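Chain residues, written in single-letter form:
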Amino acid sequence: MKGSETRSSSSCAACKFLKRRCTPNCIFAPYFRSDEPTKFAKVHKVFGASNVSKILSEVPEEQREDAVNSLAYEAEARLRDPVYGCIGAIAMLQKKMVELQHDLTIARARLAHYASSSPLLNDDQAITLPPPIDPSPSSSSSGFPESFLLSQQPIWSDEDLN
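Residues numbered from 1 in each chain as written. Predicted model: local features only at pLDDT ≥ 70, side-chain atom pairs only at ≥ 80, totals over all residues. Heavy atoms only, no water.

Looking now at the overall build of the protein chain. Each helix and strand in the protein chain was counted, giving 7 helices and 0 strands. Counting from the amino terminus, helix and strand elements in the protein chain follow one another as α-α-α-α-α-α-α. Looking at the protein chain as a whole, 22% of its 162 residues are labelled buried. Within the structure as shown, the protein chain displays about 11800 Å² of accessible surface, and the carbon and sulfur contribution to it stands at 55%. (Helix = DSSP H or I, 4+ residues; strand = E, 2+ residues; numbered from the N terminus. Buried < 20%, exposed > 50% of the residue type's maximum accessible area, 1.4 Å probe, protein only. Areas by Shrake-Rupley, 256 points an atom, 1.4 Å probe, with all protein chains shown as cover.)

Have a look at this one:
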């Protein structure tokens, strides 16, 4: 493209996907490079090109890259998990964190038990443990209700489907 020194001469991934000519003032070009065609394809499949264009035009220019990265991340998550998207991934990670904190609490208790009953340690060789981590979900700052974060059971039962 003539007059466009800020990017290469090829069309952006969005214009290639939409099979249109990429103009020098294309709103997609700075954020959907031609070497990342799947990034726009996923965003387009979930949000649509028109909606993405509207979002980008309403977001201040200095925040557009972050907005595109967020859209791409959410699109990827929605394609993997159409129902929960990013929230499903967050809930899964929080559940895993609670399980690991529980395992850590058990390991600390076992270590304390073995340390107190071990004749191999002298009084000057006592083991000091760091303070335990509060595993309660209410200590998280996610703002999601505990029932949503820790539930992996379906909302309905098999009897409801019959």
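Next comes the rest of the write-up.
Right, let's get into the packing of aromatic side chains. Each pair of aromatic rings is reported with the distance of its centres and the angle of its planes. For the coordinates displayed, the defined rule picks out 4 aromatic pairs. Seen in terms of ring centroids, Phe 17 and Phe 40 are 5.7 Å apart; in terms of plane orientation they differ by 70°. Their pairing is edge-to-face. In this pair, Phe 17 is assigned in helix H1 (residues 13–18) and Phe 40 in helix H2 (residues 37–47), connecting sequence segments 23 residues apart. Assessed through its relative accessible area of 40%, Phe 17 is described here as partly exposed. Ring centres of Phe 32 and Phe 40 lie 5.1 Å apart, and the angle between their planes is 80°; on these two criteria the pair is classed as edge-to-face. The exposure class of Phe 40 is buried, given its relative accessible area of 0%. Every member of this aromatic cluster is reached through a ring pair, and the members are Phe 17, Phe 28, Phe 32 and Phe 40. (Phe/Tyr/Trp six-rings, centres within 6.5 Å; stacked < 30°, edge-to-face > 60°.)

Let us look at unusual backbone geometry. A positive phi angle is found at Lys 19, which is not glycine, with a value near 55°. In this fold, Lys 19 is placed in the loop between H1 and H2.

A few words on the pattern of salt bridges. In total, this model carries 7 salt bridges according to the counting rule given. The closest approach of N and O atoms between Glu 76 and Lys 42, which form a salt bridge, is 2.6 Å. Note that Glu 76 is positioned in helix H4 (residues 64–80) and Lys 42 in helix H2, a separation of 34 residues in sequence. In this structure, the salt-bridge partner of Arg 78 is Glu 74, at a minimum N-O distance of 2.8 Å. (Salt bridge = Lys/Arg side-chain N within 4 Å of Asp/Glu carboxyl O.)

Attention now moves to the packing of H2 against helix H3 (residues 49–58). Across the interface, H2 lies against H3 with an axial gap of 7 Å and an inter-helix angle of 100°. It follows that H2 is roughly perpendicular to H3 by the angle criterion. For the pair H2 and H3, the contacting residues are Phe 40, Val 43, His 44 and Phe 47 in the first and Ala 49, Asn 51 and Val 52 in the second. Classifying every residue of the contact of H2 with H3 by side-chain character gives 5 nonpolar, 2 polar and no charged. (Axes fitted to C-alpha atoms, helices over the stretch in contact; angles between N-to-C directions. Parallel < 35°, antiparallel > 145°, perpendicular 65-115°, else oblique. Contact = heavy atoms within 4.5 Å. Nonpolar A, V, L, I, M, F, W, Y, C, P; charged D, E, K, R; others polar.)

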